[in-house]
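Spelled out from the first residue to the last, the chains are:
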Amino acid sequence: MHTDSAIEVKNVSKSYRGLSALKKVSFKVRRGSIFGLLGPNGAGKTTLVKIMTTLTRPDSGTILIDGVDVVQSPSTVRAKIGLAGQYAAVDENLTGFENITLVGRLYHLSKSHSQERAAFLLEQFGLSAAANKRVKEYSGGMRRRLDLAAVLVASPKIILLDEPTTGLDPRSRIDLWEIIDELANSGSTVLLTTQYLEEADRLASDLVVIDSGKIIANGTPSEIKALVGSTILDVVLTDAKELYRASSCLAEIARSEIRVEVEDVRLRVSVDDRRGVLVDAVRLLDSQGIDVAEISVVRPSLDDAFLTLTRHGLIDADDQ
Ligand SMILES: Nc1ncnc2c1ncn2[C@@H]1O[C@H](COP(=O)(O)OP(=O)(O)OP(=O)(O)O)[C@@H](O)[C@H]1O
Ligand SMILES: [Mg+2]
């Protein structure tokens with residue numbers, strides 16, 4: 001069946017022994033896009049991925065993968081998707097080459113075809129030199145790449161990645177981002193979960209922000225940033241001891257909770273986008289005798305958006 005969306009999630013709820021992990025979650029993923037599911041620990045990301053991949057069932061609601069219902073036709077769904085779980089699923093005692101070949105055999109590829117795919121993918125992921133080493137000896141980044149290579153063995157058109165870069169160093173993370181970009185460029189649909197705002201911003205064309213099982217925002221990264229207000233006042237003080245006092249004196253012009261970054265002696269204040277706001281802030285701080293090292297008006301980052309959204313639960317009003 002052909003539908004416009006690669007993935008369609010409708011009103012999905014799931015509880016674990018009375019604890020609600022997902023509450024009426026709905027969204028659609030466009031074909032060929034990279035879709036980000038962004039949320040903190042315990043938000044419900046893995047639960048949703050497990051339902052999508054038929055590993056667990058929803059209590060209510062439906063998910064269509066390429067038009068196919070995950071509950072009604074799990075085996076058809078499984079044939080359409082590739083999953084890289086949050087924890088690497090490779091066999092430590094086998095070599096990289098053996099692992100990938102084994103996955104090919106599980107997907108009913110012939111032995112020679114599996115071996116060809118394994119050699120090709122290991123090369124593509126920069127693992128050729130380590131192909132005959134046991135995975136035990138791989139670093140975390142190498143395992144992550146091997147995990148992703150395993151997902152691609154059967155050339156799935158829909159790829160689900162649960163926190164693909166968690167635990168990686170910055171270099172390996174950037175390498176993986178490039179690989180994920182290429183997957184989408186070659187026509188695959190990618191849904192990835194992440195706790196990294198920067199990652200969602202860099203990769204995803206659309207995203208939902210999820211917290212405590214509820215969607216609290218939905219849109220492009222820039223739409224989500226715009227929800228916070230269009231301007232952030234970035235204030236660096238000379239003395240960290242003054243942060244708290246500065247925060248209460250700026251509360252007068254803040255649109256939402258002020259973010260305090262103690263290590264950088266910095267305050268991030270979401271303010272109305274109007275002329276004179278900077279002057280007002282300087283005057284307020286000056287009246288309290290608080291020394292300012294730097295002050296500027298900047299565009300909000302996804303971090304600003306995320307903090308504002310998760311603290312104030314924008315959708316709460318709709319819930320009642
Ligand atoms: N098998 C389970 N039994 C009981 N509770 C569970 C189970 N799996 C998840 N939960 C609970 O459901 C909620 C959502 O968990 P989930 O693993 O989906 O979050 P997550 O967004 O993937 O978090 P993380 O970023 O830490 O991986 C949490 O409160 C968690 O404790
Ligand atoms: Mg998880």
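Please refer to the structure placed before this passage.
First, a word on scope: everything that follows refers to the structure included in this document.

Criteria and thresholds
Residues numbered from 1 in each chain as written. Chains lettered and ligands numbered in written order. Predicted model: local features only at pLDDT ≥ 70, side-chain atom pairs only at ≥ 80, totals over all residues. Helix = DSSP H or I, 4+ residues; strand = E, 2+ residues; numbered from the N terminus. Buried ≥ 20, exposed ≤ 12 C-beta atoms within 10 Å, placed from the backbone. Contact = placed C-beta atoms within 7 Å. Axes fitted to C-alpha atoms, helices over the stretch in contact; angles between N-to-C directions. Parallel < 35°, antiparallel > 145°, perpendicular 65-115°, else oblique. Left-handed = near helix turned anticlockwise from the far one by under 90°. Nonpolar A, V, L, I, M, F, W, Y, C, P; charged D, E, K, R; others polar. Pairing = 2+ DSSP bridges. Near = placed C-beta within 6 Å.

1. Thoughts on the overall build of the protein chain
- When its secondary structure is counted, the protein chain shows 12 helices and 14 strands.
- Across its three principal axes, the protein chain shows a C-alpha extent of roughly 75 × 45 × 35 Å.
- Looking at the 320 residues of the protein chain, the share that counts as buried comes to 39%.
- For the protein chain, the proportion of contacts with a sequence separation of at least 24, taken over those separated by at least 6, is 67%.

2. Overview of the packing of helix α3 (residues 96-106) against helix α5 (residues 140-151)
- Put simply, α3 and α5 touch, their axes get as near as 9 Å, and they point 25° apart. Relative to α5, α3 is oriented roughly parallel. Taken as a pair, α3 and α5 cross one another with a handedness that is right-handed. Each of Gly 96, Asn 99, Ile 100 and Val 103 in α3 lies in contact with α5, whose residues at this interface are Leu 146, Ala 149 and Ala 150.
- Class assignment for the residues of the contact of α3 with α5 results in 5 nonpolar, 2 polar and no charged.

3. Looking at the sheet that holds strand β10 (residues 214-219)
- Judged by pairing direction, the sheet is mixed, and its 6 strands sit side by side in the order β6-β7-β8-β3-β9-β10 without closing on themselves. Across the chains shown, the open sheet's two edge strands, defined by having one partner strand only, are β6 (81-84) and β10. Each strand of the sheet is rotated relative to its neighbour by a mean of 15°, with strand direction disregarded.
- Where strand β9 (residues 206-211) and β10 come together, 5 bridges link them in antiparallel fashion. Residue pairing in the sheet places Val 209 in a bridge with Ala 217 of β10.
- Each of β3 (34-38), β7 (158-162), β8 (189-194) and β9 touches helix α1 (residues 45-52); the most contacted strand, β7, lies at about 150° to it.

4. Observations concerning the site of ligand 1
- What surrounds ligand 1 is a group of 13 residues, the closest being Tyr 16, Ala 21, Lys 45, Thr 46 and Thr 47.
- For the shell around ligand 1, the secondary structure elements donating two or more residues are β2 (19-30) and α1.
- For the shell around ligand 1, the leading source of residues is α1, giving 3 residues.
- Of the residues contributing to the shell around ligand 1, the split by class is 4 nonpolar, 8 polar and 1 charged.

5. Quick word on the environment of Gly 44
- Mapped onto the secondary structure, Gly 44 falls in the loop between β3 and α1.
- Note on Gly 44: 24 C-beta atoms within 10 Å, which makes it buried.
- C-alpha of Gly 44 to C-alpha of Lys 23: the two residues are 21 residues apart in sequence and 9.3 Å apart in space.
- Excluding its chain neighbours within four sequence positions, the residues that come into contact with Gly 44 are Ala 21, Leu 22, Gly 39, Ile 210 and Gly 213.

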